[in-house]
Amino acid sequence: AGPLLVATDGREAARAAVVVAARLAARLEAVPQTFAVLEPLPTYGALVPAGVLDAIEFERAGHTRDLMRAQMREVSVAGAREWPAQVAFGSPARA
């Protein structure tokens, strides 16, 4: 079986989807891949240098990835492979 894409941001509200994905992946012998899309911080009228905004976005992505990995460890079966976790920036509705 191919990969099973799971949308989550690591928050409690997304936990049910991750639990179902773990069960489905086990049944299909598939590897779940988690994906989150974060809205970029608004920049209009911002007097913050671009490098600072880039650093903030980098930290946001890292924090979200940490939440996702913690959630995956919580629901995965012992000895299971770690799920890939990808974070992108854009409009979640359009991703």
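Note that the coordinates shown come from a computational prediction; the quantities given were computed from them, not determined experimentally.

The rules we used
- Residues numbered from 1 in each chain as written.
- Predicted model: local features only at pLDDT ≥ 70, side-chain atom pairs only at ≥ 80, totals over all residues.
- Heavy atoms only, no water.
- Helix = DSSP H or I, 4+ residues; strand = E, 2+ residues; numbered from the N terminus.
- Buried < 20%, exposed > 50% of the residue type's maximum accessible area, 1.4 Å probe, protein only.
- Areas by Shrake-Rupley, 256 points an atom, 1.4 Å probe, with all protein chains shown as cover.
- Pairing = 2+ DSSP bridges.
- Axes fitted to C-alpha atoms, helices over the stretch in contact; angles between N-to-C directions.
- Contact = heavy atoms within 4.5 Å.
- Right-handed = clockwise from strand over helix to strand, strands pointing away.
- Patch = residues over 30% accessible without salt bridge, like charges linked within 9 Å, V, L, I, M, F, W, Y side chains within 5 Å.
- Salt bridge = Lys/Arg side-chain N within 4 Å of Asp/Glu carboxyl O.

Draft legend 1. Examining the overall build of the protein chain more closely. A tally of regular secondary structure across the protein chain gives two helices and three strands. A burial count over the protein chain gives 28% of its 95 residues as buried. When the accessible area of the protein chain is evaluated, it comes to approximately 6500 Å², of which 58% is carbon and sulfur surface.

Draft legend 2. Representation of the sheet that holds strand S3 (residues 85-89). Strand order in this open sheet of three strands is S1-S2-S3, and the pairing throughout is parallel. In this open sheet, the two edge strands, each paired with only one partner strand, are strand S1 (4-7) and S3. Adjacent strand axes in the sheet meet at a mean angle of 30 degrees, parallel and antiparallel pairs treated alike. Those strands touched by helix H1 (residues 15-28) are S1 and strand S2 (32-38), and its axis lies near 170 degrees from that of S1.

Draft legend 3. A look at the side chain of Thr34. Within the secondary structure layout, Thr34 lies in strand S2. Thr34 sits in the buried class, given a relative accessible area of 2%. Setting aside residues up to four positions removed in sequence, Thr34 forms contacts with Val6, Thr8, Met68, Met72, Trp83, Pro84, Ala85 and Gln86.

Draft legend 4. Quick look at the pairing of S2. Of all seven residues making up S2, five are buried, and the element is well covered by its neighbours. Where S1 and S2 come together, four bridges link them in parallel fashion. Residue pairing across strands places Leu5 opposite Gln33, the latter belonging to S2. Handedness of the β-α-β unit built from S1, H1 and S2 comes out right-handed. Where S2 lies against S3, five bridges are found, and the strand directions are parallel.

Draft legend 5. Geometry of the environment of Ala21. Secondary-structure assignment places Ala21 in helix H1. Considered as a pair, Ala21 and Val31 are ten residues apart in the sequence and their alpha carbons are 9.6 Å apart.

Draft legend 6. Seen up close, the side chain of Glu57. Here Glu57 is to be found in helix H2 (residues 50-75). Among the residues examined, Glu57 registers a relative accessible area of 14% and is labelled buried. Among residues more than four places away in sequence, those in contact with Glu57 are Pro40, Leu41 and Phe89.

Draft legend 7. Expanded view of a nonpolar patch on the surface. There is a patch of nonpolar side chains on the surface, built from Leu41, Val48, Val52 and Ile56 and spanning about 270 Å² of accessible area. Here Leu41 is to be found in the loop between S2 and H2.

Draft legend 8. Spatial organisation of the pattern of salt bridges. Per the stated rule, a full pass over the model turns up three salt bridges. As a salt-bridge pair, Arg15 and Glu74 come within 2.6 Å of each other at their nearest N and O atoms. Within this pair, whereas Arg15 is found in helix H1, its partner Glu74 is found in helix H2, the two being separated by 59 residues in sequence. For the salt bridge of Glu57 with Arg60, the shortest nitrogen-to-oxygen distance reads 2.7 Å. Note that Glu57 and Arg60 are positioned in helix H2 at a spacing of three residues, about one turn of the helix.

Function cannot be inferred from these measures alone, as they are strictly geometric.
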